[in-house]
Amino acid sequence: MTPTTAPPTTASPPANRRTGPPPVRRARRRSAALGLVAWIAGIGFCLPALWMLLTSFHSEADAATNPPSLAASLTLDGYRSFFGGSGGPTPWPPLVNSLSASVFSTVLVLLLALPAAYALSIRRVRKWTDVMFFFLSTKMLPVVAGLLPVYLFAKNTGLLDNVWLLVLLYTSMNLPIAVWMMQSFLADVPVSIIEAAQVDGARLPTVLARVVAPVAGPGIAATALICFIFSWNELLFARVLTGVVAQTAPVYLTTFVTSQGLFLAQLCAAAVVVSLPVLAAGYAAQDKLVQGLSLGAVK
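Residues numbered from 1 in each chain as written. Predicted model: local features only at pLDDT ≥ 70, side-chain atom pairs only at ≥ 80, totals over all residues. Heavy atoms only, no water.

## What about the overall build of the chain?
Here's step 1: In terms of regular secondary structure, the chain is built from 14 helices and 2 strands.
Here's step 2: In the chain, the proportion of contacts linking residues at least 24 apart, taken out of those at least 6 apart, comes to 74%.
Here's step 3: For the chain, the computed accessible surface area is about 18,600 Å², with 68% contributed by carbon and sulfur atoms. (Helix = DSSP H or I, 4+ residues; strand = E, 2+ residues; numbered from the N terminus. Contact = heavy atoms within 4.5 Å. Areas by Shrake-Rupley, 256 points an atom, 1.4 Å probe, with all protein chains shown as cover.)

And the structure:
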């Protein structure tokens, strides 16, 4: 007898087989959706700044309309008025005062924070965690609580309306933040290259300037930029402790809100001009800022 062969049977798909799109396609869709959400959130965050920029090019009459008009004619009258084109006060002394106080305080903060962070991360002192908590505890005091003692000190020492008082204040205010940030950055510096430099006869200032600083460059740049922004935008101490000679740019902006009304277009033009130094510094150091704030994870 010839053996009978069974007809071929087609294997039925398992009952739990997935019928959806492949994983690669799902991942692409998820990435596109997250990208769309990120773009929407970014545009939402930028809308106030873009609206301020657009209002700065409107006339006072168009800027005061409610609801505001997007199709209003553009003009540079707000910028001309801000820079004293109509016979008003010039903004250059407040801008120079803000720049001087921010730059000098940032340089002092870096000079003091780098050795402190070195001692707290690479050559750790005893009970370094207590030292870090002490730096953090200095930021727990409300700024308003220290306003009166600082004012009395400045009055008794003759430092009222002096830009160097702001330099000292901004340095003391930003130093704890700088030490905390740079301590985390310097903790990732390889100890072997420091020991190699010390074997070659390099002293501590040389190690900090030529070994530690280049390796921790992104973190130092991020720290410097944040300290510069905090100093540039500070208003409370500058409003109370300065008058005419040491008036800063944020204090100068408050002069546009008077009892005679709000000069909205001119105020927006002034705000755009005051924001430009911070935006320029952030744009110039954006790669260092991203690397520093991400602790070097983003290359």
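From this point on, the discussion continues.
## What to know about the layout of surface pockets
Here's step 1: Taken as a whole, the largest pocket holds about 380 Å³ of empty space.
Here's step 2: Along the wall of the largest pocket there are 18 residues; nearest its centre are Thr138, Lys139, Val143, Met173 and Phe237.
Here's step 3: Counting residues per element, the lining of the largest pocket draws most heavily on helix H7 (residues 163-186), which supplies 7 residues.
Here's step 4: Residues belonging to the lining of the largest pocket are distributed by class as follows: 11 nonpolar, 5 polar and 2 charged. (1 Å grid on protein atoms, 1.4 Å probe; cavity = no way out; pocket = protein on both sides within 12 Å on 5 of 7 lines; lining within 4 Å. Points joined across faces, edges and corners; volume = space filled by probe spheres on them. Nonpolar A, V, L, I, M, F, W, Y, C, P; charged D, E, K, R; others polar.)

## Considering unusual backbone geometry
Excluding glycine, residues mostly carry a negative phi; peptide bonds, for their part, are mostly trans.
Here's step 1: Positive phi values are uncommon outside glycine, yet Asp161 reaches one of about 60°.
Here's step 2: With respect to the helices and strands, the residue Asp161 is situated in the loop between helix H6 (147-157) and H7.
Here's step 3: According to the relative accessible area criterion, Asp161 is partly exposed, its value standing at 22%. (Buried < 20%, exposed > 50% of the residue type's maximum accessible area, 1.4 Å probe, protein only.)

## Regarding the pattern of salt bridges
Here's step 1: All told, the structure shown has 1 salt bridge when counted by the stated rule.
Here's step 2: Of the charged contacts in the structure, one is a salt bridge between Arg80 and Asp77, with a shortest N-O distance of 2.9 Å. Residue Arg80 and its partner Asp77 are both found in helix H3 (residues 77-82); the two are separated by 3 residues, about one turn of the helix.
Here's step 3: Accessibility expressed as a relative area gives 48% for Arg80, which makes it partly exposed. (Salt bridge = Lys/Arg side-chain N within 4 Å of Asp/Glu carboxyl O.)

## Describing the packing of aromatic side chains
Here's step 1: Following the criterion strictly, the structure yields 9 aromatic pairs and no others.
Here's step 2: Ring geometry for Phe57 and Tyr79: centres 5.2 Å apart, planes at 45°, overall tilted. Of the two residues, Phe57 is situated in the loop between helix H1 (23-56) and helix H2 (60-63) and Tyr79 in helix H3; the sequence distance between them amounts to 22 residues.
Here's step 3: The exposure class assigned to Phe57 is partly exposed, which follows from its relative accessible area of 27%.
Here's step 4: With a centroid separation of 5.5 Å and an interplanar angle of 85°, the aromatic rings of Tyr252 and Phe256 are classed as edge-to-face.
Here's step 5: Residue Tyr252 is classed as buried on the basis of its relative accessible area, which comes to 8%.
Here's step 6: An aromatic cluster is present here, built from Phe82, Phe83, Trp92, Tyr252 and Phe256 joined pairwise through their rings. (Phe/Tyr/Trp six-rings, centres within 6.5 Å; stacked < 30°, edge-to-face > 60°.)

## Looking at the side chain of Ser98
Here's step 1: Counting through the fold element by element, Ser98 comes out in helix H4 (residues 92-121).
Here's step 2: Leave out the neighbours within four places in its chain, and Ser98 touches Trp232, Thr248, Ala249 and Pro250.

## Details of the confidence of the model for the chain
Here's step 1: Averaged over all residues, the pLDDT of the chain equals 83, while 87% of them reach at least 70.
Here's step 2: Looking over the chain, one finds the lowest element-wise mean pLDDT in strand E2 (residues 261-262), namely 64, and the highest in helix H11 (residues 236-241), namely 93. (pLDDT = per-residue confidence, 0-100.)

## Points about the nonpolar core
Here's step 1: Leu114, Tyr118, Ile122, Val179, Leu186, Ile194 and Val212 are the most contacted members of the largest nonpolar core, which totals 28 residues.
Here's step 2: The set of elements that each furnish at least two residues to this core consists of H4, helix H5 (128-137), H7, helix H8 (191-199), helix H9 (204-215) and helix H10 (217-233).
Here's step 3: For this core, the element with the highest residue contribution is H7, accounting for 7 residues.
Here's step 4: With residues near it in sequence (within four places) discarded, Tyr118 still touches Arg123, Leu186, Ile194, Gln198, Leu204, Leu208 and Val212. (Core = buried A, V, L, I, M, F, W, Y, C linked by side-chain atoms within 4.5 Å.)

## Some thoughts on the environment of Pro91
Here's step 1: Inspection of the secondary structure puts Pro91 in the loop between H3 and H4.
Here's step 2: Given the relative accessible area of 0%, Pro91 is considered buried.
Here's step 3: Those residues in contact with Pro91 that lie beyond four places of it in its chain are Phe82, Phe83 and Tyr252.

## Thoughts on the packing of H5 against H7
Here's step 1: Running from N to C, H5 and H7 cross one another at 140°; their axes reach a closest spacing of 8 Å. In terms of orientation, H5 and H7 fall into the oblique class. Between H5 and H7 lies a crossing whose hand is left-handed. For the pair formed by H5 and H7, the contact residues are Trp128, Met132, Phe135 and Leu136 on the first element and Pro176, Val179, Trp180 and Gln183 on the second.
Here's step 2: Residues that form the contact of H5 with H7 fall into these classes: 7 nonpolar, 1 polar and no charged. (Axes fitted to C-alpha atoms, helices over the stretch in contact; angles between N-to-C directions. Parallel < 35°, antiparallel > 145°, perpendicular 65-115°, else oblique. Left-handed = near helix turned anticlockwise from the far one by under 90°.)

## Describing the side chain of Thr75
Here's step 1: Note on placement: Thr75 falls in the loop between H2 and H3.
Here's step 2: Overall, the relative accessible area of 19% leaves Thr75 in the buried class.
Here's step 3: Reaching out from Thr75, the side chain makes a polar contact with the side chain of Asp77 at a distance of 3.2 Å.
Here's step 4: Contacts of Thr75, omitting those with residues within four sequence positions, involve Ser56, Phe57, His58, Ser59 and Arg80. (Polar contact = N/O pair within 3.5 Å; in protein donor to acceptor, adjacent residues only side chain to side chain.)

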